[in-house]
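Listed here are the chains, written in short residue letters.
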Amino acid sequence: MDFSLSPQEEAFKKELDDWLDKNLAEMRQRRGRQPMNADMESDEAQEFTRWWHKKLHDAGYIGIAWPKEYGGRGATIMEQVIFNEEMAKRRAPPGVGGLGVGWAGPTIMAAGSEEQKKRFLPKILGGDEVWCQAFSEPEAGSDLANSQTRAVEDGDDYVVNGQKVWTTGGMRADWAILLAKTDFDPNTPRHRSFSYFLMDMHAPGVTVRPLREMTGNAAFGETFLDNVRIPKNLMVGPKNGGWYISMGTLEFERSNSSSAIQSLNTITSLIELAQKTERNGHPLSKDPLTRQKIAQFYIESNVGKYIGLRALTRQLRGQTPGPESSVGSLLAMELGQRIEDFAMYLEGPYSQLVRGSKHAINNGMWPRSFLASRGRTIMTGTSEIKRNIIAQRTLGLPRYTT
Ligand SMILES: Cc1cc2nc3c(=O)[nH]c(=O)nc-3n(C[C@H](O)[C@H](O)[C@H](O)COP(=O)(O)OP(=O)(O)OC[C@H]3O[C@@H](n4cnc5c(N)ncnc54)[C@H](O)[C@@H]3O)c2cc1C
């Protein structure tokens, strides 16, 4: 691959740089007005994110890789990469609900009806409707095919009953992508018994109870579905064909090319921490072991970046990211955790001081992101499941059975 920029990409980068130079100061000022202890899920934080999303959207920077016909910019692979890198380098926050733009929208584009595309895609791009993903259940996480939520035909609707869990952003979402059983014959193979729905989170019968995490935030919830009616025209793809559509959604989810760039960004913060933290009268950045560790993180981040580009290339050619997206995702998530662990080591006893503590370093940024990073090797599929996917679907190894 040739990564030198074409004149069109140079022009895109210049336009983006100018836009960020002009708008980031206002963004930081506005974000700085939030209380130091503000919960990421607070009304103030949400309002700020919506405001920032609108700014990005108005400038044409939301869904930049989406085709023009669906309101995107139709950006090239390199333009997408330039955008991700510049945003990460400048620590610019994302817009509203990455889930809508990142994987609900692409799934609708790939498998939805024309009516669904027209109805949902513009509102996803505009940040007017926020999405969540209602796949996992108390007895169905890794083994998603064990999902028990049922959707039964009744006139023009399906009537849905069941319970979902770990629904990120469920409390604030307007719509959900939902996987539910529509074939109840015990002889039907499990993978042919599910359908994929777009569910109105404000519909009667939908209740979301927040779950508070060890970071202090309540970012996800339990979703209870009690006789929820979903019109038939909100099924994506054919009846009982939902399993394969949901696998496509998970590939979009795992192919997030910016996570490796975010690791690179985190490494920059780690270097700053090592430069500022003294041990035995010297900054830790002069300690040979610390330097070796950080250099190794940097190498692995770059490997992750190029794996991300490969998945992105497939996507922009109109294909799904493919099982290889699990390689990049696994690498980025595990690397992210190791970087966070190392930051705790660098901070030493200060790593116990969280947001709002008087002597906390950077207002407890590292302990907080360390705690949040624990979930990274679980969400989007656990590390063990991703290794299984790589073994079976990329390397062609036989399925493991006991
Ligand atoms: C931060 C976060 C956000 C999330 N957001 C969402 C969301 O928005 N929507 C949603 O639907 N879900 C969400 N999830 C749920 C997530 O998809 C599940 O937690 C995940 O799939 C694991 O399922 P589980 O928790 O039931 O664990 P289990 O599947 O019970 O796994 C328990 C352990 O067994 C191991 N294991 C299980 N099966 C195998 C196997 N075949 N081979 C080897 N090891 C195995 C696992 O690796 C794990 O270590 C989120 C989770 C987290 C942590």
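Structure first, text after, so check above.
(A) Summary view of the overall build of the chain. Per the secondary structure count, the chain includes eleven helices and ten strands. Taking 402 residues into account, the globule formula puts the C-alpha radius of gyration at 21 Å, and the chain, at 22 Å, falls close to it. By the burial criterion, 48% of the 402 residues in the chain qualify as buried. Summarising the internal contacts of the chain: among those between residues at least 6 apart in sequence, 72% fall at separations of at least 24.

(B) Seen up close, helix α2 (residues 43-58). A rise of 1.5 Å per residue sets the reference length of α2, with its 16 residues, at 22 Å; its end C-alpha atoms lie 22 Å apart and thus fit the reference within 8%. Buried residues of α2: Ala45, Gln46, Phe48, Trp51, Trp52, His53 and Leu56, and no others. Among the structural elements, α1 (7-32), α3 (77-89) and α5 (114-125) are those in contact with the buried residues of α2. Of the residues one or two after α2, Gly60 is the one with positive phi, at around 80 degrees.

(C) The arrangement of the pattern of salt bridges in detail. Summed over the entire model, instances satisfying the criterion amount to 25 salt bridges. One salt bridge in this structure joins Arg90 and Asp17, with 3.3 Å as the shortest N-O distance. Of the two residues, Arg90 sits in the loop between α3 and α4 (98-111) while Asp17 sits in helix α1, which places them 73 residues apart along the sequence. Arg90 is the partner of Glu86 in a salt bridge, and the nearest nitrogen-oxygen pair spans 3.9 Å.

(D) Representation of the packing of aromatic side chains within the structure. Applying the stated rule across the entire model yields 15 aromatic pairs. Arranged with centres 6.1 Å apart and planes meeting at 25 degrees, the rings of Trp131 and Trp175 form a pair that is stacked. Linking Trp131 in strand β1 (residues 131-134) with Trp175 in strand β4 (residues 175-181), this pair joins segments that are 44 residues apart in sequence. No difference in accessibility class separates Trp131 from Trp175, as the two residues are buried. Considering the side-chain rings of Tyr158 and Phe197, the 5.2 Å spacing of their centres and the 65 degrees angle between planes classify their relative orientation as edge-to-face. Of this pair, Tyr158 sits in strand β3 (residues 157-168) while Phe197 sits in strand β5 (residues 194-200), placing them 39 residues apart in sequence. On the basis of relative accessible area, Phe197 is assigned to the buried category, the value being 0%. An aromatic cluster of at least three residues, connected via ring pairs, comprises Phe12, Trp19, Phe48, Trp51, Trp52, Tyr61 and Phe83. Above the ring of Phe184, the side-chain terminus of Arg150 is found at 4.1 Å from the ring centroid.

(E) Spotlight on the pairing of β1. Here β1 shows two buried faces, one formed by Trp131 and Gln133 and the other by Cys132 and Ala134. With four bridges connecting them, β1 and β4 associate as parallel partners. Residue pairing across strands places Cys132 opposite Ala176, the latter belonging to β4.

(F) Inspection of the site of the ligand at higher detail. Around the ligand there are 16 residues in total, and Ser142, Trp166, Thr168, Thr382 and Glu384 lie nearest to it. With respect to the ligand, the side chain of Ser142 contributes an N or O atom lying 2.6 Å from an oxygen atom. A distance of 3.1 Å separates a nitrogen atom of the ligand from a polar side-chain atom of Asn388. Elements represented by at least two residues in the shell around the ligand include exactly β3 and α11 (383-394). Class assignment for the residues of the shell around the ligand results in six nonpolar, nine polar and one charged.

(G) Spatial organisation of the nonpolar core. With 64 residues, the main nonpolar core has Trp52, Trp131, Ile177, Leu178 and Met199 as its most contacted residues. Setting aside its immediate chain neighbours within four residues, Leu178 contacts Ala134, Phe135, Val160, Lys164, Ser195, Tyr196, Phe197, Met199, Leu225 and Ile230. In this structure, Ile267, Leu284, Phe297 and Ile339 belong to the second largest nonpolar core, which totals 14 residues.

Rules used throughout
- Residues numbered from 1 in each chain as written.
- Predicted model: local features only at pLDDT ≥ 70, side-chain atom pairs only at ≥ 80, totals over all residues.
- Heavy atoms only, no water.
- Helix = DSSP H or I, 4+ residues; strand = E, 2+ residues; numbered from the N terminus.
- Rg over C-alpha atoms; globule rule 2.2 N^0.38 Å.
- Buried < 20%, exposed > 50% of the residue type's maximum accessible area, 1.4 Å probe, protein only.
- Contact = heavy atoms within 4.5 Å.
- Expected span 1.5 Å × (residues − 1).
- Salt bridge = Lys/Arg side-chain N within 4 Å of Asp/Glu carboxyl O.
- Phe/Tyr/Trp six-rings, centres within 6.5 Å; stacked < 30°, edge-to-face > 60°.
- Lys NZ or Arg CZ within 6 Å of the ring centre and 35° of its normal.
- Pairing = 2+ DSSP bridges.
- Near = heavy atom within 4 Å.
- Polar contact = N/O pair within 3.5 Å; in protein donor to acceptor, adjacent residues only side chain to side chain.
- Nonpolar A, V, L, I, M, F, W, Y, C, P; charged D, E, K, R; others polar.
- Core = buried A, V, L, I, M, F, W, Y, C linked by side-chain atoms within 4.5 Å.

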